[in-house]
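Topology and contacts: notes
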Amino acid sequence: LKNARRFEALVRADERFKKAFDASPTAMSILRVRDGVILDVNESANRISGYSREEQIGRTPAELGILTSEEREELGGLARRQASLRDHEMKYRVKDGPPRTVRVSVEKIELDGEACLLYNSYDITDRRLAEDQVRHAQKMEALGTLAGGIAHDFNNLLTVINGYAHLLAQQVPDESTRESALAIVDAGDRAAALTRQLLAYSRKQPRETRTLSLNTIVTKMRPMLTRLIHENIPLRAELAPDLASVRADTSQLEQILLNLVVNARDASPAGGAIVIKTANISEDDAAGLADANMPSGRPVLLSVRDEGRGMTPEIRARIFEPFFTTKQADRGTGLGLSVVFGIIRQSGGAIQVDSEPGKGTEVRLYFPAVPPAPVIAAPAPVDERDLDAGPDEGTVLLVEDDVAVRKFGADALSAAGFNVRQASNGTEAVNFIERAGGDVSLVITDVIMPGLDGRALLEHVRRVAPAVPVLLVSGYLGVAQDLDVPFLEKPFSAAQLVQKARQAIRRC
């Protein structure tokens, strides 16, 4: 009777263990120590591995390809030496699909007199993906701040370089010297384009957004893109006829497409097609892309695919870093994809890259879809005027913390007939305005300055001298977007500065 009761208790304990084993949300496996054969698995383990219970029992993880023999020996050895193993992170190969990241704990147990190991595995793949995305976003944000700071200082230098080069080209009679000055201007303009890329990357450059079709951008750009690539690289477009509209900046989209196609060309020295594709993505497909930045609803896809040499995982992990490039020194700046990253994030979208060595690369961009709306016409370009001095233009207070920029601005304004007074910071400007009062015809101030900046100075002028107009100057277009005030972007020429100053005075 006693043995019967003991047997019944063992049966009940075994049933309770079996129920807990099968119902556990944790993936559980029991392996025999002497040969590593799987004795049992629960349903959670089946879901992670993709194998059925019948496929696993009687085989080893190495035979299934879940773990290598070396990994199984390492885990078993750790468990035997420590009696148990806690939270060991490793890759878990599954039947179909990429490996999963799991956190494994191992306990030594005994079943029917046989030494066994109980594996408890937690699938942390999605958590690791989210953590990687957060770390990547933080790194890109820090690099964006650095890029924005570089662009600010560089714009000051370019204002002086380009400004005086323009003046020199206009004033010198010698043709050879004039050509040299114009070469400096051309180089400075190219450098200014680089700073705009830096600002786009750092997401400090505002956008002139409008509702548009990506198909229109691709169709417009295709002839130019065809000329950019080699004859042995056909350019194909696969455009969805019913493509939803997006809201974006036209020039930024053109820059994105240009960067991606040029990268695809450079990655395809042996030829192969480049395919530009647009498509509407369903909500279910978008949800399955596992990207925290994916637009909600039904995003719109723009992708560029090549059949080139592809990238290793190590290179792919760094492609969005500014100044990182695998091209030769004279073939790229390393800003292309970092700029694309900044523009896409600024647009509320997501970017994904698939690439394998020898199998080409596809860059997929996802934009939020918006209802159709009339296209807004682009603003007319600003007309530059000459620097001929007219009658006394009045007194201008020029506020700029960079000495060279301040001197250039004062020279340009003085040559155009303005009486120029200078201040190196906002505090000096406030003191001058309070003394001079209505004798000031215009205040021209840089926006970003230490201490009292341009926005604070603007508010002060509006309080104490509301009749005096203010012209804001900065390399960041966005700093004056919310202000009803004239604005001049750095770098600027002398003619642009004089024109803006005259316009600001007449506006009042």
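Residues numbered from 1 in each chain as written. Predicted model: local features only at pLDDT ≥ 70, side-chain atom pairs only at ≥ 80, totals over all residues. Heavy atoms only, no water.

Turning our eyes to something else, we now look at helix α15 (residues 454–464). Every buried residue of α15 is listed here: G454, L457, L458, H460 and V461. Down the axis of α15, the buried set is contained in an arc of 165°. They therefore lie on one face. Next to the buried residues of α15 lie β14 (395–399), α14 (426–436), β16 (442–446) and β17 (470–474). For α15, the side-chain oxygen to backbone nitrogen distance between the N-cap and R455 is 3.3 Å, and the N-cap itself is D453. (Buried < 20%, exposed > 50% of the residue type's maximum accessible area, 1.4 Å probe, protein only. Helix = DSSP H or I, 4+ residues; strand = E, 2+ residues; numbered from the N terminus. Arc of directions from axis to C-beta. Contact = heavy atoms within 4.5 Å. Polar contact = N/O pair within 3.5 Å; in protein donor to acceptor, adjacent residues only side chain to side chain.)

Looking at the protein as a whole, its pLDDT mean stands at 80, while 80% of the residues score no less than 70. Low pLDDT (under 50) marks residues 374–386, which in the prediction has 17 contacts with non-local residues, meaning those over four places away or in another chain. (pLDDT = per-residue confidence, 0-100.)

A few words now on the pairing of strand β2 (residues 38–41). In this sheet, β2 lies alongside strand β1 (residues 27–32) in antiparallel orientation, the contact comprising three bridges. The residue bridging L31 from the neighbouring strand is I38, located in β2. Connecting β1 to the antiparallel partner β2 that follows it, the hairpin turn spans five residues, and G36 within it adopts a positive phi of roughly 75°. (Pairing = 2+ DSSP bridges.)

Moving on to the nonpolar core. By size, the foremost hydrophobic cluster in this structure holds 38 residues, and its most contacted members are L257, I276 and L365. Going through the elements one at a time, α8 (214–228), β8 (245–249), α9 (250–266), β9 (274–280), β10 (300–306), α12 (336–346), β11 (350–355) and β12 (361–367) are the ones with two or more residues in this core. Those residues in contact with L257 that sit more than four places away from it in its chain are I217, V218, M221, L225, I276, L302 and V304. Formed by 22 residues, the second largest nonpolar core is a distinct cluster that contains V430, A436, M449 and V485. (Core = buried A, V, L, I, M, F, W, Y, C linked by side-chain atoms within 4.5 Å.)

With respect to the helices and strands, the residue L258 is situated in helix α9. Exposure remark for L258: the relative accessible area of 29% places this residue in the partly exposed category. Placed 33 residues apart in sequence, L258 and L225 show a C-alpha to C-alpha distance of 7.1 Å. If we skip the residues at most four places from it in the chain, L258 touches M221, M224, L225 and L228.

Tracing the sequence through the fold places V218 in helix α8. Here V218 falls in the buried class, since its relative accessible area comes to 1%. Sequence spacing of V218 and L302 is 84 residues, and the spatial spacing of their C-alpha atoms is 9.4 Å. Discounting residues that sit within four places of it in the chain, V218 has contacts with A237, L239, L257, I276, T278 and L302.

Okay, the packing of helix α13 (residues 403–415) against helix α16 (residues 494–507) next. For any two helices packed against each other, one specifies the inter-axial angle together with the distance between the axes. It is the contact of α13 with α16, at a shortest axis distance of 9 Å, that shows an interaxial angle of 65°. Overall, the two elements α13 and α16 adopt an arrangement that is roughly perpendicular. As for how α13 packs across α16, the hand of that crossing is right-handed. Where α13 approaches α16, its residues F408, G409, A412 and L413 are matched on the opposing element by A494, L497, V498 and A501. (Axes fitted to C-alpha atoms, helices over the stretch in contact; angles between N-to-C directions. Parallel < 35°, antiparallel > 145°, perpendicular 65-115°, else oblique. Left-handed = near helix turned anticlockwise from the far one by under 90°.)

Another aspect to go through is the sheet that holds β12. Strands sit in the order β7-β9-β10-β12-β11 across an open sheet of five strands; the sheet is mixed. Of all strands in the sheet, those with a lone pairing partner are β7 (235–238) and β11, marking the two edges. Strand-to-strand twist across the sheet, computed as the mean angle between neighbouring axes with direction ignored, equals 15°. Strands in contact with α8 are β7, β9, β10 and β12; relative to β7, the strand with the most contacts, it is inclined by about 170°. Seen against the sheet, α9 touches β9, β10 and β12 and runs at an angle of roughly 25° to β10.

Turning next to the packing of aromatic side chains. In this structure the tally under the stated criterion is two aromatic pairs. Here the aromatic cluster, defined as three or more aromatic residues joined through ring pairs, consists of Y164, F408 and F492. (Phe/Tyr/Trp six-rings, centres within 6.5 Å; stacked < 30°, edge-to-face > 60°.)

Glancing now at the sheet that holds strand β13 (residues 369–370). Taken together, the three strands give an open sheet; going across it, the order is β6-β8-β13, and neighbouring strands pair in antiparallel fashion. The outermost strands of the open sheet, each flanked by one partner alone, are β6 (209–212) and β13. As defined by bridge partners, β6 adjoins β8 across four bridges and the pair is classed as antiparallel. Bridged to T211 within β8 is R247.

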